[in-house]
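Geometric and topological summary
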Amino acid sequence: MGRIIAVANQKGGVGKSTTVVSLAAYFGLRGKRVLCVDMDSQGNTTTGLGVSKRDLTSSTYDVLIGRARLQDVILETESENVSLAPAVSALAGAEIDLIELENRVSRLKAALISCRDSYDFILIDCPPSLSLVTLNSLVAADTVLIPMTAEFLSMEGLSQLTETIRLVKSRYNPGLMPEGILFTMYDARLNLAEQVVEEVKHYFPGTVFKTVIPRNVRLSEAPSHGKPIFYYDRSSKGADAYELLGHEILGEPLVVEKRGKRFIFGRK
Ligand SMILES: Nc1ncnc2c1ncn2[C@@H]1O[C@H](COP(=O)(O)OP(=O)(O)O)[C@@H](O)[C@H]1O
Ligand SMILES: [Mg+2]
């Protein structure tokens, strides 16, 4: 049975979609069967995996409102072993539709039940809000992965998000566990960045990933080519970092072999 990971942070631009697309591609290359579920009406995961939104006849919106089954909207992507339930802009209207519907926070969970055996990992890309769509994602998930930037204001957002996770755990999904907090777009030259990381580690001991994703221009270029970083530039620092994150999630040592050299990370 696949592990369902919701990638969530109500702040936009923190690397949620980049993390979903990059991790999915990495797991797929490692022979894992992966399903990405795009729950953001901006559809950045959909675009990032090279799927054109214009050609889509159905999407996760149809699944949420009960007009289609999840298995009927799933597409294969050009990335090995990576399937996608795509999102289109209509998903923005789901908030209003859901209010009227029964089981409004557990509709994605119900839709995933029949699919989860077909995958090793199901990665849900959440919208940048603490909305009903995000609640659906957290209710459906086994774990939640929180990408965040190492900025002072990010910490306020983190406490709001952890409050929401607590609520989801107590009311709907007692088994929900943290997958981890991931620092993204990290710039080691900024003193403040390290302070923020230390502070978050202090409040959430054992929850922060050892892997940190650096700011890397290749990661920001990849979506416009419709390719995950592992297909766009395998030798970039961004690819190395997401490979390490993949190792960490798979419970493997943080070692990367590159041009005959071994890099060991996460040791301080
Ligand atoms: N590590 C990184 N280095 C540089 N740019 C990044 C990095 N991660 C993401 N980006 C870029 O930053 C923007 C926001 O990232 P995205 O993954 O879309 O965030 P979110 O899904 O949280 O809104 C995108 O343009 C993306 O290409
Ligand atoms: Mg996004």
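Parameters and conventions
- Residues numbered from 1 in each chain as written.
- Chains lettered and ligands numbered in written order.
- Predicted model: local features only at pLDDT ≥ 70, side-chain atom pairs only at ≥ 80, totals over all residues.
- Heavy atoms only, no water.
- Salt bridge = Lys/Arg side-chain N within 4 Å of Asp/Glu carboxyl O.
- Helix = DSSP H or I, 4+ residues; strand = E, 2+ residues; numbered from the N terminus.
- Buried < 20%, exposed > 50% of the residue type's maximum accessible area, 1.4 Å probe, protein only.
- Phe/Tyr/Trp six-rings, centres within 6.5 Å; stacked < 30°, edge-to-face > 60°.
- Core = buried A, V, L, I, M, F, W, Y, C linked by side-chain atoms within 4.5 Å.
- Contact = heavy atoms within 4.5 Å.
- Near = heavy atom within 4 Å.
- Polar contact = N/O pair within 3.5 Å; in protein donor to acceptor, adjacent residues only side chain to side chain.
- Areas by Shrake-Rupley, 256 points an atom, 1.4 Å probe, with all protein chains shown as cover.
- Nonpolar A, V, L, I, M, F, W, Y, C, P; charged D, E, K, R; others polar.

With that settled, consider the pattern of salt bridges. For side chains of opposite charge, pairing can occur when their charged atoms come near one another. All told, the structure shown has twelve salt bridges when counted by the stated rule. In this structure, the salt-bridge partner of Glu179 is Arg3, at a minimum N-O distance of 2.8 Å. Highlighted residues: Glu179 in strand β7 (residues 177–184) and Arg3 in strand β1 (residues 3–7), separated in sequence by 176 residues. A relative accessible area of 15% means that Glu179 is categorised as buried. Under the relative-accessibility criterion, Arg3 is labelled partly exposed at 29%. Where Arg234 meets Glu243, a salt bridge forms, and the shortest distance between an N and an O atom there is 2.9 Å.

This part covers the packing of aromatic side chains. Enumeration according to the criterion identifies three aromatic pairs in this entry. Here the aromatic rings of Tyr26 and Phe27 are separated by 6.3 Å at their centres, their planes lie at 50 degrees, and the arrangement is tilted. Ring geometry for Phe27 versus Phe121: centroids 4.2 Å apart, planes at 10 degrees, classification stacked. Linking Phe27 in helix α1 (residues 16–29) with Phe121 in strand β5 (residues 121–125), this pair joins segments that are 94 residues apart in sequence. Classification of Phe121 by relative accessible area gives buried; the value is 5%.

As a further point, take the nonpolar core. If you look at the biggest cluster of nonpolar residues, it comprises 52 residues, and the most contacted ones within it are Val37, Leu70, Leu112, Phe183 and Val200. Looking at this core, the element that brings in the most residues is helix α7 (residues 132–140), giving six residues. Beyond its immediate stretch of four places on either side in the chain, Phe183 contacts Met148, Thr149, Ala150, Val196, Val197, Val200, Val208, Val212 and Ile213. Residues Val20, Val21, Cys36 and Ala241 belong to the second largest nonpolar core, which totals 31 residues.

It is worth spelling out the site of ligand 1 at this point. Around ligand 1 lies a shell of 16 residues, among which Gly13, Lys16, Thr18, Pro214 and Asn216 are the nearest. The separation between an oxygen atom of ligand 1 and a polar main-chain atom of Ser17 is 2.9 Å. The backbone of Pro214 places a nitrogen or oxygen atom 2.9 Å from a nitrogen atom of ligand 1. Burial of ligand 1 by the protein amounts to 81% of the accessible area it has alone, namely 560 Å². Only α1 and α10 (217–221) provide two or more residues apiece to the shell around ligand 1. In terms of residues, the shell around ligand 1 owes the most to one element, α1, which gives three residues. Looking at side-chain class alone, the shell around ligand 1 contains six nonpolar, eight polar and two charged residues.

Right, let's talk about the environment of Ser154 for a bit. Along the polypeptide, Ser154 turns up in helix α8 (residues 154–171). In this structure, the C-alpha to C-alpha distance between Ser154 and Thr134, residues 20 residues apart in sequence, is 18 Å. In contact with Ser154, not counting residues within four places along its chain, are Lys11, Met148 and Thr149.

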